[in-house]
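Residue-level listing of the chains:
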Amino acid sequence: MKTMIEFTLNGEVVECLVDNQRTLLKMIREDFDLTGAKEGCGAGECGACTIIVDGKALNACLVLAVEADGTEITTIEGLVVDGELDPLQVSFIDNAALQCGYCTPGMIMTAKAMLEENPHPTENEIREGISGNLCRCTGYKKIIEAIQVVADQNKA
Amino acid sequence: MKTFEYLRPTSLKEALDILKNHDGNVSILNGGTDLIVRMREGHSSPEVVMDIKKIPGLDQIQVDEDRITIGATVLLNDLGLNEVIKTRYPYLAQAALSVGSKQVRNRATCIGNICNASPLADTATPLLALNADVHIYGEEGIKTVPLKDFFVFVRKTVLKPNEIVTGISFKQDPEALGIFTKMSRRKEVDLSTVCSTVMRTGTEYRISCGAVAPTPVRLFKTEAFLSGKTLTGEVIEEACKLAEGEVVPISDIRASEAYRREMVGVMLRRALSEWL
Ligand SMILES: Cc1cc2nc3c(=O)[nH]c(=O)nc-3n(C[C@H](O)[C@H](O)[C@H](O)COP(=O)(O)OP(=O)(O)OC[C@H]3O[C@@H](n4cnc5c(N)ncnc54)[C@H](O)[C@@H]3O)c2cc1C
Ligand code: FES
Ligand code: FES
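Every chain's residues receive numbers from 1 upward, in the order its sequence appears when written. Written order determines the labels here, with chains lettered from A and ligands numbered from 1. Side-chain atom pairs in this predicted model are given and counted only at pLDDT of 80 or more, local residue features only at pLDDT of at least 70, and totals for whole chains, interfaces and linings cover all residues. Each side-chain value is derived from all of the structure's non-hydrogen atoms; neither hydrogens nor water enter the calculation.

### A few points about helix α5 (residues 141-155) of chain A
All names here are of chain A.
Then comes step 1: Starting at the N terminus, helices and strands are each numbered in turn, a helix being any DSSP run of H or I of at least four residues and a strand any DSSP run of E of at least two. Take the number of residues in a helix, subtract one, and multiply by 1.5 Å to get its expected span. Helix length check: α5 (15 residues) gives 21 Å between terminal C-alpha atoms against 21 Å at 1.5 Å per residue, within 8%.
Then comes step 2: Each residue is assigned to one of three classes by its accessible area relative to the maximum for its type, calculated with a 1.4 Å probe on protein chains only: buried under 20%, partly exposed between the two thresholds, exposed over 50%. Among the residues making up α5, those that are buried are Ile143, Ile144, Ala146, Ile147, Val150 and Ala151. Around the axis of α5, the buried residues are gathered within 160° of arc, so they sit on the same side. For α5, the exposed residues lying more than 90 degrees away from the buried face are Lys141 and Lys155.
Then comes step 3: The contact rule is simple, with two residues in contact once any of their heavy atoms fall within 4.5 Å. Buried residues in α5 make contact with α2 (87-94), α3 (104-117) and α4 (123-129). The arc in question is the one traced by the directions running from the helix axis out to the C-beta atoms.

### Quick word on the sheet that holds strand β4 (residues 61-63) of chain B
Residues and elements named next belong to chain B.
Then comes step 1: Sheet architecture is open: five strands sit in the order β4-β5-β10-β6-β7, paired in antiparallel fashion. Each edge of the open sheet carries a strand with a single partner, namely β4 and β7 (141-146). Each strand of the sheet is rotated relative to its neighbour by a mean of 25°, with strand direction disregarded.
Then comes step 2: For two strands to be treated as a pair, DSSP must find at least two bridges joining them. Direction of pairing for strand β6 (residues 133-138) relative to β7: antiparallel, over a ladder of six bridges. A fitted line through C-alpha atoms serves as each axis, taken over the contacting stretch for helices, and the angle formed by two N-to-C directions is quoted from 0 to 180°.

### Here we look at the sheet that holds strand β11 (residues 177-183) of chain B
All names here are of chain B.
Then comes step 1: With respect to topology, four strands assemble into an open sheet ordered β11-β12-β13-β14, the strand pairing being antiparallel. Edge positions in the sheet fall to β11 and β14 (217-218), since each has one partner strand and no second.
Then comes step 2: Bridge count between strand β13 (residues 204-210) and β14: two bridges; the pairing is antiparallel. Note on β14: the bridge partner recorded for cysteine 209 is valine 217.
Then comes step 3: Relative to strand β12 (residues 194-201), helix α12 (residues 257-273) is tilted by about 30°, and along the sheet it contacts β11, β12 and β13.

### Focus on the domain arrangement of chain B
Residues and elements named next belong to chain B.
Then comes step 1: As annotated, the domain borders come from an automatic or database domain assignment. Segmentation of chain B into domains returns domain 1 (5-51), domain 2 (61-171) and domain 3 (177-273).
Then comes step 2: Relative placement of domain 2 and domain 3: their C-alpha centres are 20 Å apart.
Then comes step 3: Each side of the interface is counted separately: domain 2 has 23 residues, and domain 3 has 26 residues.
Then comes step 4: Around 1,900 Å² of area is buried between domain 2 and domain 3 when both sides are counted, 64% of it from carbon and sulfur atoms.
Then comes step 5: Summed over both partners, the accessible surface that disappears when two parts come together, traced with a 1.4 Å probe, is what is meant by buried area. Considering only the side of domain 2, the residues that lose the most area to domain 3 are Tyr91, Leu120 and Thr125, jointly responsible for 31% of the buried surface there.
Then comes step 6: The term salt bridge refers to a pairing of a side-chain nitrogen on Lys or Arg with a carboxyl oxygen on Asp or Glu at a separation within 4 Å. On inspection of domain 2 and its partner domain 3, the count reaches one salt bridge.
Then comes step 7: The partner of lysine 182 in a salt bridge is aspartate 122, and the shortest N-O contact between them spans 2.8 Å.
Then comes step 8: N or O atoms within 3.5 Å of each other form a polar contact, as long as, within protein, one can give a hydrogen and the other can take it, and as long as residues adjacent in sequence are counted only when both atoms are side-chain atoms. On the surface where domain 2 and domain 3 come into contact, there are ten residue pairs in polar contact (both at pLDDT 80 or more).
Then comes step 9: Where the side of domain 2 that touches domain 3 is concerned, the elements lending two or more residues are α5 (90-97), α8 (124-129) and β8 (151-153).
Then comes step 10: Broken down by element, the side of domain 2 that touches domain 3 gets its largest block of residues, five residues, from α8.

Take a look at the structure:
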């Protein structure tokens, strides 16, 4: 069974006829070809699929595509404005906060939503903030530093 | 995941009609953090998925002078970060914020946590200690069931197929002191190995535990023993022994039965010692 939905995806109003059993993550990756968000666990444990829906960071693997109807969604691809990377993306590159990169889109979207809510987090708040995102490579230290750099820019 | 019909009612009446017309084959979709995982794993294959998030009025935490009501679609993050809940009922706020990750709590609801009726539901123990009531809408209108009578067994509640929970409320008791404890293998994004809320109002005590029985439970015998007593080291030891005997845990991947039993004593001892 399918349902027609309409929502805003990275600033553009889009329509889609989706299978009711499709997850939001599958729709974004396969129907819209936005493959930044990744499926790690498919069960809410790893955060690799994190996107921002109506201002909140969510695990796209735990949402049905039909539930996107009427919402405003930002994925990692939507952070680039006029070809310019988001300060978080720049900072992750400059601070070598990624190795294989699988966790990176989710990590950055989590950080993005966190900084919107709390522009000046402490190191502990950053650690807590990203605790729903697993990284198997970096040991987190560089990730925390990369987010801290952007938080400090917010202060200036 | 098997396919299903997706319906999104905009009133309780419409929701009830959908439940009636589909004869028990409807799954209510709230935040979906339990339901969608179960559907993916094939444990649940409903014909109809009814999304209740567009029913107006269910997303509020209503603070009245004598009662607080948590609406059916209130998110765990909104409950845990609510000023009144944080200041007057910090143990409830802590329980709400102990569930999953930020992303999970941005979607998961308190009512979903309760209706899912897992033995380890983290928000169940503070609400049991607060003597909360569950408000249920069905063909005869709204009825109220005490939370302690709502749970029947693992993942089973008294809810009938054409009933829907509109919210949970409890009598304001800002004087009550409570301590929520969650023991888990990992600090974040982990399920409780055991959890509990210990509450004190005057010289009365209320104790509830999760993951030590088929449902979250109150330890009424231990409470009766403590009632009216002045806390001393000896009284606390006696109470802990009683509590360890009052629970009926099982062994599973998270812990053994013996460990859980002992931790019930540890949690109670630590909490009561705060009030010596
Ligand atoms: C990664 C992860 C971590 C988790 N960690 C924890 C944890 O630490 N502690 C914990 O307790 N839980 C945890 N959970 C389980 C889950 O997130 C919680 O139980 C959550 O509160 C469920 O709420 P929901 O709104 O998502 O429920 P849903 O999945 O929408 O619903 C759960 C059940 O309740 C029924 N239901 C929902 N609302 C109503 C209603 N109004 N009337 C009647 N029936 C209703 C649904 O039909 C379904 O059967 C975790 C889940 C995930 C995926
Ligand atoms: S894929 Fe969604 S949380 Fe792991
Ligand atoms: S960089 Fe490989 S998982 Fe994080």
